[in-house]
Amino acid sequence: MRNRRREIFEEPGYWQSYSDMMAALLLIFILLIAITLFVYRQKRTDLEEAQLQLNSTRQELENSEAELRNSIKELEEAYARATMTEDELAAAYRQIDEARAELASTRSQLQDIVGIKTDIIGELQTRFDNSSMKVDAQTGTITFSSDVLFRYNSATLTPESKETLQEIIPMYLGVLLQDSFRPYISEIIIEGHTDTDGDYQSNMTLSYGRANSVAKFCLDGDNGLTQAQIAQLQEMLTVNGRSFSVPIYKASGDVDMAASRRVEIKFRLREDEMIEKITEVLEREEKAPQDENAGLDWEE
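Computed from a predicted model, the values in this text were never measured in an experiment.

Parameters and conventions
- Residues numbered from 1 in each chain as written.
- Predicted model: local features only at pLDDT ≥ 70, side-chain atom pairs only at ≥ 80, totals over all residues.
- Heavy atoms only, no water.
- Helix = DSSP H or I, 4+ residues; strand = E, 2+ residues; numbered from the N terminus.
- Contact = heavy atoms within 4.5 Å.
- Areas by Shrake-Rupley, 256 points an atom, 1.4 Å probe, with all protein chains shown as cover.
- Buried < 20%, exposed > 50% of the residue type's maximum accessible area, 1.4 Å probe, protein only.
- Pairing = 2+ DSSP bridges.
- Axes fitted to C-alpha atoms, helices over the stretch in contact; angles between N-to-C directions.
- Patch = residues over 30% accessible without salt bridge, like charges linked within 9 Å, V, L, I, M, F, W, Y side chains within 5 Å.
- Salt bridge = Lys/Arg side-chain N within 4 Å of Asp/Glu carboxyl O.
- Arc of directions from axis to C-beta.
- Phe/Tyr/Trp six-rings, centres within 6.5 Å; stacked < 30°, edge-to-face > 60°.
- Expected span 1.5 Å × (residues − 1).
- Bend = angle between axes of the 7 residues up to and from the residue.
- pLDDT = per-residue confidence, 0-100.
- Parallel < 35°, antiparallel > 145°, perpendicular 65-115°, else oblique.
- Left-handed = near helix turned anticlockwise from the far one by under 90°.
- Nonpolar A, V, L, I, M, F, W, Y, C, P; charged D, E, K, R; others polar.

## Comments concerning the overall build of the protein chain
Alright, step 1. Helix and strand counts for the protein chain stand at 8 helices and 4 strands.
Alright, step 2. Sequence-distant contacts, at least 24 apart, represent 76% of the contacts inside the protein chain between residues at least 6 apart.
Alright, step 3. Working note: accessible area of the protein chain is about 20,400 Å², and carbon and sulfur atoms make up 53% of it.

Quick look at the structure:
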C-alpha cells in the first residue's frame, strides 16, 4: 500500500521535465527571434547608410559631370577665341603690309609733286626773267599793286592796267595750263587785299571786287589766252577777297599801306589731298607696331 502511494506521487516528475523542455525551447525560439530582429535592424541600418552614401556619391558624380561640361565649354570657347585671334592677327599683318606699300607709294607721289612744284616755279621765273614782275621763289605767286591796276577806292581796271595784264596773264597762266603741269594743279586763285584804312566789311567788298575784275580779264578772250586755256581756267579758278586780314609789314613793324593794297595770283597743287592721305597712312603705320607687338605677346 505504501509503495502504491509512492508511485502515485512520483508520476508528476515526468510532466515537469517535459514542461521544462518546452520552456527551454520557447526561450530558444524567442532568442532566435530577438537575434533575427537585431540582425534585420542592423542590416536595415547598413542598407540605409549605403543608400545615403550612394546618393551622396551620385550627387558628387553629377557635380563632376557638370564641372566637366563647363570645362569642355570653356575650352571650346577658348579655342574659338584663339582661332579668331589668329585670324585677326593675320589680317593685321596684311593691313600692315598694305599700309607700308601705300606709304611707299604715297611718299613717291609726294616727291613727284614737290618736284613738279619746283619745276613750275622754275619755269615761271624763267618766263619772267626779263619782266618787272617777280615770281615768289617759294610759292610761285605773282603780285600786282592795286595802285597800278585801279584808282583810289575803285574796283574798275584802268586802261593802262589792262595793257599790263595782257602782257603778264598769258605768260603766267600759260605755264600753269600747259599739259605737263595742269594735271597736278587743283586750283588757281586770284586774291584781293587792302590796307587797314576803313572798316573790314567795306574793304572786303573792295578787295573782292578788285580780284573779280582781274578774274574777268583772265576769262576774256582778248587777254592773249586761247579758248581752250580759258575753258580750263574756268574749271580751276577761285576768286577771294581778304580785306585787310593779311597786311604786309615794314621792318619797323608798321603796316606797309601801299604794299598791302595788292592783287595776288597763285596756284595750289593737289598736295593738300596728298598730305591728308599721308597723315592717314602714317597714323596707321604708327598703330601697326602696337598691333604687331600685341600679336607677339599672344603667341608667347
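## Things to note about unusual backbone geometry
Alright, step 1. Located in the positive-phi region is Asn-153, a residue other than glycine, with phi close to 60°.
Alright, step 2. In the Ramachandran plot, Ser-243 falls in the positive-phi region, its phi being about 55° despite a non-glycine side chain.
Alright, step 3. Judged by its relative accessible area of 0%, Ser-243 is buried.

## Thoughts on the sheet that holds strand E4 (residues 262-269)
Alright, step 1. Judged by pairing direction, the sheet is mixed, and its 4 strands sit side by side in the order E1-E4-E2-E3 without closing on themselves. With partners counted over all chains shown, the strands left at the sheet margins are strand E1 (142-145) and strand E3 (237-241), one partner each. Here the strands of the sheet are splayed against their neighbours by 20° on average, with no regard to which way each runs.
Alright, step 2. Summarising the sheet, strand E2 (residues 185-193) and E3 pair through 5 bridges and their orientation is parallel. Bridge pairing links Ile-189 to Thr-238 in E3.
Alright, step 3. In the packing of helix H5 (residues 200-218) onto the sheet, the strands contacted are E2, E3 and E4, and the crossing angle to E3 comes to about 155°.
Alright, step 4. Of the strands in this sheet, E2 and E3 touch helix H6 (residues 227-236), which is tilted by about 55° from E3.

## A word on a nonpolar patch on the surface
Alright, step 1. Together, Tyr-18, Met-21, Met-22, Leu-25, Ile-28 and Leu-32 make up an exposed nonpolar region whose accessible area comes to about 570 Å².
Alright, step 2. Along the chain, Met-22 falls in helix H2 (residues 12-127).

## Side note on H6
Residues lying three or four places apart along an α-helix face the same way, a consequence of the helix completing one turn every 3.6 residues.
Alright, step 1. Those residues of H6 that fall on the buried side of the exposure criterion are Gln-229, Ile-230, Leu-233 and Met-236. Here the buried residues of H6 occupy an arc of 125° about the axis, which is enough to place them on one side. Exposed and facing more than 90 degrees away from the buried side of H6 are Gln-227, Gln-234 and Glu-235.
Alright, step 2. Looking at the buried residues of H6, the elements they touch are helix H4 (159-176), E2, H5 and E3.

## A short note on the packing of aromatic side chains
Alright, step 1. Summed over the entire model, instances satisfying the criterion amount to 2 aromatic pairs.
Alright, step 2. Ring centres of Tyr-200 and Phe-244 lie 5.4 Å apart, and the angle between their planes is 85°; on these two criteria the pair is classed as edge-to-face. Taken as a pair, Tyr-200 in helix H5 and Phe-244 in the loop between E3 and helix H7 (257-260) lie far apart in primary sequence, 44 residues in all.
Alright, step 3. Accessibility expressed as a relative area gives 37% for Tyr-200, which makes it partly exposed.

## Some details on H4
Alright, step 1. Taking 1.5 Å per residue as the helical rise, H4 with its 18 residues ought to reach 26 Å, and the 26 Å between its terminal C-alpha atoms agrees with that figure.
Alright, step 2. For H4, the principal kink sits at Ile-168 and spans about 30°; a proline, Pro-170, occurs within the next four residues.
Alright, step 3. Every buried residue of H4 is listed here: Ser-161, Leu-165, Ile-168, Ile-169, Pro-170, Met-171, Tyr-172, Leu-173, Gly-174, Val-175 and Leu-176.

## With respect to the confidence of the model for the protein chain
Alright, step 1. The pLDDT averaged across the protein chain works out to 83; a share of 81% of its residues lies at or above 70.
Alright, step 2. Considering only residues more than four positions removed or in separate chains, one finds that residues 295-300, a stretch of pLDDT under 50, has 6 contacts.

## What about the packing of H4 against H5?
Alright, step 1. Where H4 meets H5, the closest approach of the two axes is 10 Å, and the angle between their N-to-C directions is 70°. By the angle between their axes, H4 is roughly perpendicular relative to H5. Once H4 is placed against H5, the crossing between them reads as right-handed. For the pair formed by H4 and H5, the contact residues are Lys-162, Leu-165, Gln-166, Ile-169 and Leu-173 on the first element and Val-214, Phe-217 and Cys-218 on the second.
Alright, step 2. A per-class count over the contact of H4 with H5 returns 6 nonpolar, 1 polar and 1 charged.

## So, the pairing of E1
Alright, step 1. Here E1 shows one buried face, formed by Ile-142 and Phe-144, and one open face, formed by Thr-143 and Ser-145.
Alright, step 2. Pairing between E1 and E4: 4 bridges, direction antiparallel. In the strand pairing of E4, Thr-143 is matched with Glu-264.

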